[in-house]
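Summary of structural features
Letter by letter, the chains look like this.
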Amino acid sequence: MANVVQGTSNGEYDLARSLRLYDTAGDLPERARELWALIGEDGIELAREFWRRYAKSPEVSDRFDEGKIEQLARKIVPFINSKFVTLDRSDWTHEAQGFVAKALGAGLTLSTLLAGLNADTEAAYGLLPRKISEGADLVRYARVLSEVQAIEIDCFIHHGITITRRESEQVQQSQAGTFNGRVMSVVNDCTREREELRG
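This one's a predicted model, so the numbers in the text were calculated from it and none came from an experiment.

**Thoughts on the overall build of the protein chain**
- A tally of helices and strands in the protein chain yields seven helices and zero strands.
- Looking at the protein chain as a whole, 37% of its 199 residues are labelled buried.
- Relative to all contacts within the protein chain whose residues are 6 or more apart in sequence, the contacts with residues 24 or more apart total 77%.
- Accessible surface, the protein chain: about 11,500 Å² in total, of which carbon and sulfur atoms supply 51%.

**Notes on the nonpolar core**
- Among the nonpolar cores identified, the biggest contains 45 residues, and Leu35, Trp51, Tyr54, Ile80, Phe84, Leu113 and Phe156 are the most heavily contacted of them.
- The dominant element in this core, judged by the number of residues it contributes, is helix 7 (residues 135-198), at eight residues.
- Not counting residues up to four positions away in its chain, the partners in contact with Ile80 are Trp36, Gly43, Leu46, Ala47 and Asp120.

**Focus: the pattern of salt bridges**
- According to the stated counting rule, one finds 18 salt bridges in the structure shown.
- A salt bridge links Glu147 to Arg31; its shortest N-O distance comes to 2.8 Å. Within this pair, whereas Glu147 is found in helix 7, its partner Arg31 is found in helix 2 (residues 28-39), the two being separated by 116 residues in sequence.
- Exposure remark for Glu147: the relative accessible area of 10% places this residue in the buried category.
- Put simply, Arg74 and Glu70 hold a salt bridge, and the shortest N to O gap is 2.9 Å. Of this pair, Arg74 and Glu70 both sit in helix 4 (residues 66-85), four residues apart, which is roughly one turn of that helix.
- Salt bridges here are not isolated pairs; linked through shared partners, they connect Asp23, Asp27, Arg31 and Glu147.

**Brief notes about the packing of helix 2 against helix 4**
- Contact geometry for helix 2 and helix 4: axes closest at 7 Å, N-to-C directions at 135°. Overall, the two elements helix 2 and helix 4 adopt an arrangement that is oblique. Facing Pro29, Ala32, Arg33, Leu35 and Trp36 of helix 2, the residues of helix 4 in contact are Ile80, Asn81, Phe84 and Val85.

**Some points on the packing of aromatic side chains**
- The full count for this structure, using the stated rule, is nine aromatic pairs.
- Pairing Trp36 with Phe84 gives two aromatic rings, centres 4.8 Å apart and planes at 10°, and the pair type is stacked. Of the two residues, Trp36 is situated in helix 2 and Phe84 in helix 4; the sequence distance between them amounts to 48 residues. As far as the burial class goes, Trp36 and Phe84 line up, both buried.
- Where Phe50 meets Tyr54, the ring centres are 6.0 Å apart and the plane angle is 25°; that geometry is what we call stacked. With a gap of four residues between them, Phe50 and Tyr54 both fall in helix 3 (residues 43-55), about one helical turn apart.

**Structural notes on the side chain of Gln149**
- Along the chain, Gln149 falls in helix 7.
- Looking at Gln149, the relative accessible area reads 14%, which means it is buried.
- Excluding anything up to four places from it in sequence, Gln149 contacts Leu117, Asn118 and Thr121.

**What about helix 3?**
- Between its terminal C-alpha atoms helix 3 stretches 19 Å, which fits the 18 Å expected from 13 residues at 1.5 Å a residue.
- If you check which residues of helix 3 are buried, you get Gly43, Ile44, Leu46, Ala47, Arg48, Phe50, Trp51 and Tyr54.
- Looking at the buried residues of helix 3, the elements they touch are helix 2, helix 4 and helix 6 (110-131).

**As for the packing of helix 4 against helix 5 (residues 91-105)**
- At a closest axis distance of 9 Å, the pairing of helix 4 and helix 5 adopts a crossing angle of 140°. The pairing of helix 4 with helix 5 is recorded here as oblique in orientation. The handedness of the crossing between helix 4 and helix 5 comes out as left-handed. Taken together, the residues of helix 5 that come into contact with helix 4 (itself represented by Ile76, Phe79, Ser82 and Lys83) are Trp92, Glu95, Ala96 and Phe99.
- In the contact of helix 4 with helix 5, the residues fall into five nonpolar, one polar and two charged.

The rules we used
Residues numbered from 1 in each chain as written. Predicted model: local features only at pLDDT ≥ 70, side-chain atom pairs only at ≥ 80, totals over all residues. Heavy atoms only, no water. Helix = DSSP H or I, 4+ residues; strand = E, 2+ residues; numbered from the N terminus. Buried < 20%, exposed > 50% of the residue type's maximum accessible area, 1.4 Å probe, protein only. Contact = heavy atoms within 4.5 Å. Areas by Shrake-Rupley, 256 points an atom, 1.4 Å probe, with all protein chains shown as cover. Core = buried A, V, L, I, M, F, W, Y, C linked by side-chain atoms within 4.5 Å. Salt bridge = Lys/Arg side-chain N within 4 Å of Asp/Glu carboxyl O. Axes fitted to C-alpha atoms, helices over the stretch in contact; angles between N-to-C directions. Parallel < 35°, antiparallel > 145°, perpendicular 65-115°, else oblique. Phe/Tyr/Trp six-rings, centres within 6.5 Å; stacked < 30°, edge-to-face > 60°. Expected span 1.5 Å × (residues − 1). Left-handed = near helix turned anticlockwise from the far one by under 90°. Nonpolar A, V, L, I, M, F, W, Y, C, P; charged D, E, K, R; others polar.

In short, geometric facts, not functional conclusions.
Given below as structure tokens:
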């Protein structure tokens, strides 16, 4: 089977590998922390935009009023904070796995989550001109957002593929077990009938 995603030997998201792929300067975790120091006080805005976009998905049947969006936003601000402040630690990637598992378990596609991630990144881009006046810094921090988003999307996709692959393998094992049970039943019936005919 072709590798669609690369994980660690135990199937975890390989954050170190992703940092090597997406962080060409080698200092993204530091730059992400620096950016969060500038925009982190407005992290709730990013979280709200995530849920607003999520709620617009045709896959989501629940109604999301501003009160519910606010409640849900407050729950994911620590995750958003973590992906910037501790980008190089796997805690946030494990939390992302939980989000993906919950969404897929509820019958949503990964696209709904990715649309939400895009919305929170768009909100962060919107904050930059309010926080930074220098053109060079604006470009620098926009690059940080782009690199962080690439890693986050890679992580979510990895978890989505890993979860669906695991579920598919479980279904195949169950079907194989059922088939083998039926074959053994037929073999046993044939053996019993043969013994009855002899006897």
